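Residues per chain are reported as follows:
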Amino acid sequence: MPLTFHWFLPTNGDSRHVVGGGHGTPATASGRDRPPSVAYLSQIARAAEEVGFAGALTPTGAWCEDAWLTTAMVSQHTERLKFLVAFRPGLISPTLAAQMASTFQRQTGGRLLLNVVTGGENQEQRAFGDFLDKDSRYRRTGEFLHVVRELWQGGTVDLHGEHLRVQGAELSRVPDPVPQVYFGGSSPIAGEIAARHADVYLTWGEPPPQVAEKLDRIRSLAAAEGRTLRFGIRLHVITRDTAEQAWAEANRLLDGFDPETVASVQAGLARSESEGQRRMLALHGGGSRERLEIHPNLWAGIGLVRGGAGTALVGSHDEVAERIKEYQALGIDEFILSGYPHLEEAYWFGEGVLPRLAAQGLWQHPADKEAAPTALTPPTESAVLAPFAS
């Protein structure tokens with residue numbers, strides 16, 4: 001399957017330094033360097049669209065701007081780019097969420113993708129009025145996605161579940177196309193819910209052997225449900241014309257990490273209840289600056305000051321392309337990438353790596369796909385007799 005690439009909209013602010021935040025830690029002051037205005041985020045979105053990214057992930061949480069509202073505004077300044085909107089199922093009604101997604105599809109020409117974030121931190125969830133424990137949140141997510149998917153298919157839903165209850169729920173207009181559901185989570189319960197409801201299972205950027213083990217587990221769970229999932233990975237990227245230039249940039253970012261900030265962020269992340277965050281912390285030993293290259297061209301330095309995705313592909317354009325192919329061999333065909341600052345790094349990757357993958361037949365610019373001629377097929381009898389049937 002051809003590779004798909006998504007970029008990232010930094011709705012907590014952008015900088016020439018790493019902007020922290022997520023999993024219970026506040027955004028760092030460097031996020032004020034480039035505030036997340038609609039004008040600036042639209043610049044990033046248009047750059048991503050131009051160089052060939054299919055979509056852009058927008059995060060969710062108390063540390064950033066609201067993803068639904070921000071992407072709705074930015075979508076009006078783009079033409080093709082899709083928006084992978086992260087949202088937390090427990091904070092809104094499933095019927096309302098299904099309606100919002102349907103409206104988003106109509107108003108943007110079908111450019112919505114959904115990243116379901118169950119929520120890994122009790123403290124932050126409680127700030128939003130959600131007092132369920134982690135496993136209960138995942139079970140509620142399963143009920144939520146059941147309702148949403150039934151509504152998207154045009155059904156009327158009655159559910160009296162463990163956590164959710166709806167009666168006579170239905171949509172006046174279903175979304176076209178139905179949004180793809182992206183889902184991440186490393187715990188056993190997360191895998192079970194993903195296997196039943198996700199279209200694309202996401203993992204953070206662990207070394208290939210660890211990713212392979214995780215994907216095999218999710219494949220088995222999905223097969224038991226009679227389903228087949230696609231797989232994606234979330235990484236940062238620092239790619240340059242030469243490896244020396246790329247590592248010099250990584251070291252420049254590392255030099256900007258204040259030891260007190262690193263210690264504070266790591267202390268906060270150590271309290272995380274997220275299994276995925278625990279695995280991220282283990283990659284760098286909970287704050288160590290030694291041996292941060294944990295696999296060829298895979299650098300764990302970002303995770304010293306940032307929650308969530310904490311690894312970056314670092315190297316020449318050819319080296320980064322080779323690491324992408326290594327993940328592809330495991331079954332990864334969607335890559336969600338980011339880099340600091342996001343405007344400039346979108347061009348570095350889009351102009352440096354994507355053409356190399358295209359030359360090998362592994363990627364095609366989305367605009368070229370849309371422009372490709374399609375073979376004409378003769379009309380069917382029903383189409384001739386009823387060309388305007390609805």
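Calculation criteria
- Residues numbered from 1 in each chain as written.
- Predicted model: local features only at pLDDT ≥ 70, side-chain atom pairs only at ≥ 80, totals over all residues.
- Heavy atoms only, no water.
- Helix = DSSP H or I, 4+ residues; strand = E, 2+ residues; numbered from the N terminus.
- Rg over C-alpha atoms; globule rule 2.2 N^0.38 Å.
- Contact = heavy atoms within 4.5 Å.
- Areas by Shrake-Rupley, 256 points an atom, 1.4 Å probe, with all protein chains shown as cover.
- Lys, Arg positive; Asp, Glu negative; His and termini not counted.
- Charge placed at Lys NZ, Arg CZ, Asp CG, Glu CD.
- 1 Å grid on protein atoms, 1.4 Å probe; cavity = no way out; pocket = protein on both sides within 12 Å on 5 of 7 lines; lining within 4 Å.
- Points joined across faces, edges and corners; volume = space filled by probe spheres on them.
- Nonpolar A, V, L, I, M, F, W, Y, C, P; charged D, E, K, R; others polar.
- Axes fitted to C-alpha atoms, helices over the stretch in contact; angles between N-to-C directions.
- Parallel < 35°, antiparallel > 145°, perpendicular 65-115°, else oblique.
- Left-handed = near helix turned anticlockwise from the far one by under 90°.
- Buried < 20%, exposed > 50% of the residue type's maximum accessible area, 1.4 Å probe, protein only.
- Pairing = 2+ DSSP bridges.
- Phe/Tyr/Trp six-rings, centres within 6.5 Å; stacked < 30°, edge-to-face > 60°.
- Patch = residues over 30% accessible without salt bridge, like charges linked within 9 Å, V, L, I, M, F, W, Y side chains within 5 Å.
- Salt bridge = Lys/Arg side-chain N within 4 Å of Asp/Glu carboxyl O.

Asks: Which parts of the structure should I look at to understand the overall build of the chain?
Replies: Along the chain, the regular secondary structure elements total 15 helices and 13 strands. For 390 residues, the compact-globule estimate of 2.2 N^0.38 gives 21 Å, and the C-alpha radius of gyration of the chain, at 21 Å, lies within 12% of that figure. Referenced to the eigenvectors of the C-alpha coordinate spread, the extents of the chain come out at roughly 70 × 50 × 40 Å. Counted over contacts in the chain with a minimum sequence separation of 6, partners at least 24 positions apart contribute 74%. Total accessible area on the chain stands at roughly 16,900 Å², and carbon and sulfur atoms take up 51% of it. Computing the positive centroid from 36 side-chain charges and the negative centroid from 46, the chain places the two 2 Å apart.

Asks: Help me understand empty space enclosed by the protein in this model?
Replies: The rolling of a water-molecule-sized probe over the atoms marks out the regions of remaining empty space. In the structure shown here, the tally under the stated rule is four cavities of 30 Å³ or more. Taken as a whole, the largest cavity spans an internal volume of roughly 750 Å³. Along the walls of the largest cavity sit 39 residues, with His 23, Asn 115, Val 117, Trp 204 and Gly 308 positioned nearest its centre. Taken together, the residues that form the lining of the largest cavity break down as 14 nonpolar, 16 polar and nine charged.

Asks: Please clarify how the environment of Ala 56 should be interpreted in this entry.
Replies: Tracing the chain through its elements places Ala 56 in strand β2 (residues 55-58). As for Ala 56 and Leu 84, which are separated by 28 residues in sequence, their C-alpha atoms are 5.6 Å apart. If sequence neighbours within four positions are ignored, Ala 56 has contacts with His 6, Trp 7, Phe 8, Leu 9, Leu 81, Lys 82, Phe 83 and Leu 84.

Asks: Help me understand the packing of helix α1 (residues 38-51) against helix α2 (residues 67-75) in this model?
Replies: For any two helices packed against each other, one specifies the inter-axial angle together with the distance between the axes. Taken N-terminus to C-terminus, the directions of α1 and α2 make an angle of 65 degrees; their axes are 9 Å apart at the nearest point. Classified by the angle their axes make, α1 and α2 are roughly perpendicular. The two elements α1 and α2 cross, and the hand of that crossing is right-handed. Within the contact between the two elements, α1 uses Val 38, Leu 41, Ser 42 and Ala 45 and α2 uses Thr 70, Met 73 and Val 74. Residues belonging to the contact of α1 with α2 are distributed by class as follows: five nonpolar, two polar and no charged.

Asks: Whenever I open this one, the pairing of strand β9 (residues 230-240) confuses me. Can you help?
Replies: Consecutive residues of a regular strand have side chains that alternate between opposite faces of the sheet. For β9, the buried fraction is high: 10 of the 11 residues fall into the buried class. Both strand β8 (residues 200-204) and β9 contribute to a ladder of five bridges, which runs parallel. Across the sheet, Val 200 pairs through a bridge with Arg 230, a residue of β9. By the bridge criterion, five bridges tie β9 to strand β12 (residues 312-316) in an arrangement that is parallel. Note on β12: the bridge partner recorded for His 236 is Ala 312.

Asks: Help me understand the packing of aromatic side chains, please; the structure alone is not making it clear to me.
Replies: We describe a pair of aromatic rings using the distance from one ring centre to the other and the angle between the two ring planes. Here the structure, examined in full by the defined rule, presents nine aromatic pairs. Ring plane angle 55 degrees and centroid distance 5.5 Å describe the contact between Phe 5 and Phe 349, whose orientation is recorded as tilted. Taken together, the residues span a long stretch of sequence, with Phe 5 in strand β1 (residues 4-8) and Phe 349 in helix α12 (residues 342-352) at a distance of 344 residues. Here Phe 5 matches Phe 349 in class, with each residue buried. What links up through ring pairs into an aromatic cluster is the set Phe 5, Trp 7, Phe 53, Phe 335 and Phe 349.

Asks: Any chance you could explain the layout of surface pockets here in plain terms?
Replies: Here the largest pocket defines a volume of roughly 420 Å³. Together, 27 residues line the largest pocket, and Thr 4, His 6, Ala 54, Lys 82 and Leu 113 are the ones closest to its centre. Residues belonging to the lining of the largest pocket are distributed by class as follows: 12 nonpolar, eight polar and seven charged.

Asks: I keep staring at the pairing of strand β5 (residues 157-160) and nothing clicks. Help me out?
Replies: Here β5 shows one buried face, formed by Val 157 and Leu 159, and one open face, formed by Asp 158 and His 160. Where β5 and strand β6 (residues 165-169) come together, three bridges link them in antiparallel fashion. Paired with Val 157 across the two strands is Ala 169, which belongs to β6. Between the antiparallel neighbours β5 and β6 lie four residues.

Asks: Which parts of the structure should I look at to understand a negative patch on the surface?
Replies: A contiguous patch of negative charge on the surface is contributed by Asp 133, Asp 135, Glu 192 and Glu 273. Structurally, Asp 135 is set in helix α5 (residues 134-152).

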